[in-house]
Amino acid sequence: NAVSAMMMKSDLFVLAMIAKAARVVIDESMNVEGTDGRTIYLSPRFLTLSPQEQIFVLAHEAMHIARLDPIRSVNYKKTKVPISPSSVHILDIIGDIFNIIADAKINTALQEMGVQVPPNRPMCNKLDEQYGIDVSEDDCIKKSVEEILDELMSRNRIPNVSVDFADLLGSS
């Protein structure tokens, strides 16, 4: 309907303003795009993408900034996993999974806004199939990344980690 279309256009406008306000850097050392929450880092490959793919990348990274994902990921890891030499690997994996879930939420939202999402990108309806992350599409859309990770850890369902999170986190 007209209201939904207007809201989607305003959402994209806000993302465009965030992307414009963020510092954008093409970094020769990068092989993927990313953000630290202030700067959008683009690989040289970005320049070879079609205009539609470039719009997707900028909107996707702007959405990470708008959602504060880089800050939330660091805070989540600090509050959930005790720092020790044995936890460094686990922190890296949890950070990667945080990003994959955030990517799926962002890509699903962008698709709903009418942005064409390139194939094989994380999507809420494919997390289990693509990455072995056991979360329903409905939960992916409705719950925060932190809530999803809490549930995965409480069920010991973090892919590629063979750790009992109840023991690690001191839960009973």
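Every value quoted in this text rests on a predicted model; they were computed, and no experiment measured them.

A. Structural detail: the state of the cysteines. Taken as a whole, this structure holds one disulfide when the rule is applied. Note that C124 is cross-linked by a disulfide to C140, the S-S spacing being 2.1 Å. Judged by the sign of its S-S torsion, about -55°, the cystine formed by C124 and C140 is left-handed. Here C140 lies in helix α6 (residues 137-142) and C124 lies in the loop between α4 (88-112) and α5 (127-131), a separation of 16 residues in the sequence. For the pair C124 and C140, a shared accessibility class is recorded, and that class is buried.

B. Molecular detail of the packing of aromatic side chains. Counting across every chain of the model gives one aromatic pair. Arranged with centres 6.4 Å apart and planes meeting at 45°, the rings of Y76 and F98 form a pair that is tilted. Here the residue Y76 occupies a position in helix α3 (residues 69-80), and F98 occupies one in helix α4, the gap between them amounting to 22 residues. Judged by relative accessible area, which is 4%, Y76 ranks as buried.

C. Focus on the confidence of the model for the chain. With 81% of its residues at a pLDDT of 70 or more, the chain has an overall mean of 82. Confidence drops under pLDDT 50 across residues 1-7; counting only partners more than four residues distant or on other chains, this segment forms zero contacts.

D. Local environment of the nonpolar core. Counting residues in hydrophobic clusters, the biggest one holds 22 residues, and the most contacted among them are I94, I101, L127, I133 and L149. Going through the elements one at a time, α4 and α7 (145-154) are the ones with two or more residues in this core. With ten residues, α4 is the single largest residue contributor to this core. Within the second largest apolar cluster, 18 residues are counted, among which are I40, L49, L110 and V117.

E. Local environment of the side chain of E61. Position of E61 among the secondary structure elements: in helix α2 (residues 51-66). Lacking a salt bridge, the buried E61 has R121 as its closest oppositely charged neighbour, with an N-O distance of 6.8 Å. Setting aside residues no more than four positions away along its own chain, E61 makes contact with E33, G34, T35 and I40.

What counts as what
Residues numbered from 1 in each chain as written. Predicted model: local features only at pLDDT ≥ 70, side-chain atom pairs only at ≥ 80, totals over all residues. Heavy atoms only, no water. Disulfide = S-S within 2.5 Å. Helix = DSSP H or I, 4+ residues; strand = E, 2+ residues; numbered from the N terminus. Buried < 20%, exposed > 50% of the residue type's maximum accessible area, 1.4 Å probe, protein only. Phe/Tyr/Trp six-rings, centres within 6.5 Å; stacked < 30°, edge-to-face > 60°. pLDDT = per-residue confidence, 0-100. Contact = heavy atoms within 4.5 Å. Core = buried A, V, L, I, M, F, W, Y, C linked by side-chain atoms within 4.5 Å. Lys, Arg positive; Asp, Glu negative; His and termini not counted. Salt bridge = Lys/Arg side-chain N within 4 Å of Asp/Glu carboxyl O.

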